[in-house]
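Per-entry structural report
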Amino acid sequence: MSGSPATRYAEWIVSHSRLVVVLGLLLTAVVAAGAAIGDPGDGDIGQFETDSEETEALEEIEATYGTDDAVVAQLVVRDEGGDVLTRDSLLEGLRLQRDVREDEELNATLDERGFVGLENVVGTAAVVEDRAAEANGSPDTSEPTLEEQIAALESRSDEEVEALLADVLDPESDEGRQGQSAGSEAADPYDFLPSDYEPGETTADARIAFVFQVDDGGPDEDPRAAYDAQVELADQVDERFDDAFLFGQGVVDEASSNAVGDSFAIITPVALVLVLGVLAFTYRDVVDVLLALVGIGVVMAWLAGVRGWLEIPSSQLLIAVPFLLIGLSIDYALHVVMRYREARAGELEAVATPERAASATANGGSVGPRAGMTLGLAGVALALGAATVSTGVGFLSNVVSPLGAVRDFAVLSAGGILATFVAFAVFVPALKVEVDERLESRFGRNRAKRPFGSETGLSNQVLSRVVAVPRRAPLAVVLVALLLAVGGAYGATGIDTEFNQADFLPEDAPEWATSLPEPLAPGTYTISDDAAYLGENFAERGEGSQTQVLIRGPVTDPDALAAMDEAGSGVSEGDTIVLRPDGEAAIEGPPTVIREIAGDNDTVAAALEERDTDGDGLPDEDVAGFYDVLFDADADRASDVLYRTDSGEYESARLLVSVQGDAPAQSVADDSRDIAAAVDDAESVSAVATGGPVITAVVQDALLETLVEAFVVTLVVVLGFLTALYWVRHRSLSLGAVTLAPVVAALAWLLGTMALLDLPFNSETAVITSLAIGLGVDYSIHVGERFVAERRERESLEDALEATITGTGGALLGSAATTAAGFGVLALALAPPLQRFGLVTGLSIVFAFVACLTVLPCLLVLRERSLDRAS
């Protein structure tokens, strides 16, 4: 072995240890400088973009239509069992609006519409009524100010306000139409009332108002000023009303950010205690624990630097990378240190050179630090290198993804895995030699320690019992593992793959967390309940509550117009498409705009009557000429649903489809595509469903496609690599497949468990195949390499198994326990994404460890027996 590449590598590291430490620190400083020099930028779920028909349609809509880029928040006032339509409650809503308008910073974030709610409709109707009573000639038709609305309601009694409200809620009354003219984009006052509101009633237990803000961000930026204003406005709402809340993206972001902060405040001490406790128990040496932490610090510095140099923006997936690297770092460190300890605790005869023998004699009969590290590092160098390549390939396989954020995740993970090898196969071994040698020579402390798992104790007893499994029933274990894997693979077909924004909203802390002392006590989070309330009681307005259908072709064809009108006829109550109080689907398009403008404009009504031959309220001939009349009457409204070129040609139309904001994206996309398919029935035009929820569904589908592609690529490449590696090293074509089999089994177990626990596939669990294969292959290679090495040196198969499981198994046990504990505590987080990620990752580590210490030894035994029979 003395002439092997691994031995030569280890000898060079040890003999130049001081130079290696200095160069390692310099290289780390250069790489880490990227964190300060580079500008990764911030990212969000919007980074999950992919080229698709739906994306192209949305880009065309944004380029050709006057899209409304306003930021919309929802203000809900409720009184369970009470009434929020009283004079006092409506006045309180108007006074809140006045206070916000008087605040220069908050007012600057509002667009010209500002607040639009039932209180504005009622206030406007009151002002119009007062003006009509006071007018000698024509009444003032200017839009009433907030002060006028407040004064008009304050001058009325409760009974008078209730009577006015009854008229406003009567769509046939003049007050209702006048109130709707208050700049409201809502179709009618019913849009401000819950879905269970009974028409004609003047009481309700909840109402909603919409806050329209200016989108001051660039094309790829968040409107931060508007979002910050939402947070401040939410506080004012809480102070003014007994039971009310503001819901908007700014409030969601603030709650999510605080929940992550509170989560880490709770779990960091727990994780730190668990990880340090397991490390202390495994190493039983303060110096080795500190060296492991130094190595982890080097890896984290490289991670930040690589991200800065490559300018990789943040995304939800990247939260997995540091946790993954900490797990790999602990694993690498334990293997190096434990093999080093095994070498130092060996007999003098095992030392190959006289110089090492002299070193051992000088160290009281144990191998000296340099000789021990040479032997130990040489024993694991190839395994660490193979694990680095295979694990890196497992993550780099995600570069085939059509999603930019997943590709960034793949590159950053691969860079971090390389950093882990540099830190724990180069830097830390050299540093440990220097530290141990200095402690022994200057302070006379013997740094030779027993490796974990070799001492008599609980861990040794557990590992010794594990040895008995492949000895007694290897075939039975393999069959059970196979059956569980098949069951897991079948269960994986039932995993929820729908993307639901509500799954990412923070939840309120459990009782035990609220009783923690003040620095650790989390805040109160009602955002998830608020979102559920909105979804159940109101047709939401804002992000995620609307899809679009882009219609291309001759949109002046009467058949195309009729198809648009009938597109929503198949919508039923169980669909995600919002239904209006009259039972019609809430779809806005050319047909609805035609009827709306014709109802208010005599010229348009006359033009429509001339061209409507079947009495359905739509033109059946000279549709292009009618569209010209429509644009002359109200160009802004017509351009919302029709695109007219500068030359006067009509190239496309669009439908605006209101959907349930809390519904899963895939369900919304399916229902929206049904609307598009209905329009497609008109052979003259083509229709494509698009919009936020549809794009999200497309991205989620691409994410699942990534899982399958990455899984296949990873298996093929890793299998090829391991097969080539074992052929070159051991002239075996079967060892690669045997080594990889437990990893695949562990992944199948994991997927089946996710199905049992109802854990969905989404943006933070999408990398689970890479994570499971990466960690699993790392464990499996260490066990396989150790077994082959022990089998060559020992005549007995049982002895080789025992040395492998108690030796390498001890390091794996310490690594798995530490990383599983570190990940597992994330299940205590208040943020659901952190909870799911911690739980799934912890399970993947446990399953990988179990498979590598039970299934793999059994496969190795069966392989040995097969080879013996064949020979």
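Up top you'll find the structure we're talking about.
This report concerns the structure included in the present document. (Residues numbered from 1 in each chain as written. Predicted model: local features only at pLDDT ≥ 70, side-chain atom pairs only at ≥ 80, totals over all residues. Heavy atoms only, no water.)

1. A word on the nonpolar core
Counting 125 residues, the largest nonpolar core has Tyr283, Phe424, Trp749 and Tyr779 as its most contacted members. No other element matches helix α32 (residues 832-870), which puts 16 residues into this core. Excluding residues that lie within four positions of it along the chain, Trp749 makes contacts with Ala481, Leu484, Ala485, Phe847, Val850, Ala851 and Val855. Core analysis: the next-biggest nonpolar cluster, separate from the first, contains 64 residues, Leu75, Ile150, Leu153 and Ile208 among them. (Core = buried A, V, L, I, M, F, W, Y, C linked by side-chain atoms within 4.5 Å. Buried < 20%, exposed > 50% of the residue type's maximum accessible area, 1.4 Å probe, protein only. Helix = DSSP H or I, 4+ residues; strand = E, 2+ residues; numbered from the N terminus. Contact = heavy atoms within 4.5 Å.)

2. Quick notes on the environment of Gly535
Tracing the backbone shows Gly535 in helix α21 (residues 527-537). On a C-alpha basis, the gap between Gly535 and Ala663 in space is 8.0 Å, while along the polypeptide they are 128 residues apart.

3. Observations regarding the side chain of Arg156
Mapped onto the secondary structure, Arg156 falls in the loop between α8 (146-154) and α9 (158-168). Relative accessible area serves as the criterion here: at 8%, Arg156 is assigned to the buried category. A polar side-chain atom of Arg156 sits 2.9 Å from the main-chain carbonyl oxygen of Ala152. Beyond its immediate sequence surroundings of up to four residues, Arg156 is in contact with Arg87, Ala126, Glu129, Asp130, Val161 and Leu164. (Polar contact = N/O pair within 3.5 Å; in protein donor to acceptor, adjacent residues only side chain to side chain.)

4. Some remarks on the pattern of salt bridges
A complete count under the given rule lists 38 salt bridges for this structure. Here Arg370 and Glu437 are joined by a salt bridge, their closest N and O atoms 3.0 Å apart. Of this pair, Arg370 sits in helix α16 (residues 369-396) while Glu437 sits in helix α17 (residues 404-443); the two residues are 67 residues apart in sequence, bridging distant segments of the chain. Overall, Glu437 belongs to the partly exposed group, its relative accessible area being 29%. A salt bridge links Glu588 to Arg637; the shortest N-O distance between them is 2.9 Å. Of this pair, Glu588 sits in strand β6 (residues 587-588) while Arg637 sits in helix α26 (residues 635-638), and the two are 49 residues apart along the sequence. For Glu588, a relative accessible area of 21% puts it in the partly exposed group. Using a relative accessible area of 17% as the deciding quantity, one classes Arg637 as buried. (Salt bridge = Lys/Arg side-chain N within 4 Å of Asp/Glu carboxyl O.)

5. Observations regarding α21
For α21, the complete set of buried residues consists of Ile527, Asp530, Ala531, Tyr533, Leu534, Gly535 and Asn537. Here the buried face of α21 lies against β1 (71-78), β3 (206-213), β4 (244-247) and α12 (249-283).

6. Quick notes on the packing of helix α31 (residues 797-824) against α32
A pair of packed helices is captured by two measures, namely the crossing angle of their axes and the spacing between those axes. Axis separation between α31 and α32 bottoms out at 9 Å; the angle between their running directions is 175 degrees. Comparing the axis directions of α31 and α32 gives the class roughly antiparallel. Here α31 contributes Leu797, Leu801, Ile805, Gly809, Leu812, Leu813, Ala816, Thr819, Ala820, Phe823 and Gly824 to the contact with α32, which in turn contributes Phe837, Gly838, Thr841, Gly842, Ile845, Val846, Phe849, Leu853, Pro857, Val861 and Glu864. In terms of residue class, the contact of α31 with α32 is built from 15 nonpolar, 6 polar and 1 charged. (Axes fitted to C-alpha atoms, helices over the stretch in contact; angles between N-to-C directions. Parallel < 35°, antiparallel > 145°, perpendicular 65-115°, else oblique. Nonpolar A, V, L, I, M, F, W, Y, C, P; charged D, E, K, R; others polar.)

7. Considering the pairing of β4
Side chains Ala244 and Leu246 of β4 all project onto a buried face; the interleaved residues Phe245 and Phe247 project onto the opposite face, where all are buried too. Note that β1 and β4 share 4 bridges and pair antiparallel. Each residue of the ladder has a partner; that of Gln74, found in β4, is Phe247. (Pairing = 2+ DSSP bridges.)

8. Points about the sheet that holds β3
What the 4 strands build is an open sheet, ordered β2-β3-β1-β4; its pairing is antiparallel. If you trace the sheet from one side to the other, it starts and ends with β2 (110-117) and β4, each paired once. On average, each strand axis in the sheet is tilted by 15 degrees relative to the strand beside it, whichever way the strands run. Sheet contacts for helix α5 (residues 87-102): β1, β2 and β3; angle to β2, the most-contacted strand, approximately 170 degrees. Lying on the sheet, α21 is in contact with β1, β3 and β4; it crosses β4 at an angle near 90 degrees.

9. As for a nonpolar patch on the surface
Judged by side-chain polarity, Ile37, Trp309, Leu310, Leu396, Val399, Val400 and Val411 come together as a nonpolar surface patch covering roughly 610 Å² of accessible area. Mapped onto the secondary structure, Trp309 falls in helix α13 (residues 286-310). On the basis of relative accessibility, which here comes to 45%, the residue Trp309 falls in the partly exposed class. (Patch = residues over 30% accessible without salt bridge, like charges linked within 9 Å, V, L, I, M, F, W, Y side chains within 5 Å. Areas by Shrake-Rupley, 256 points an atom, 1.4 Å probe, with all protein chains shown as cover.)

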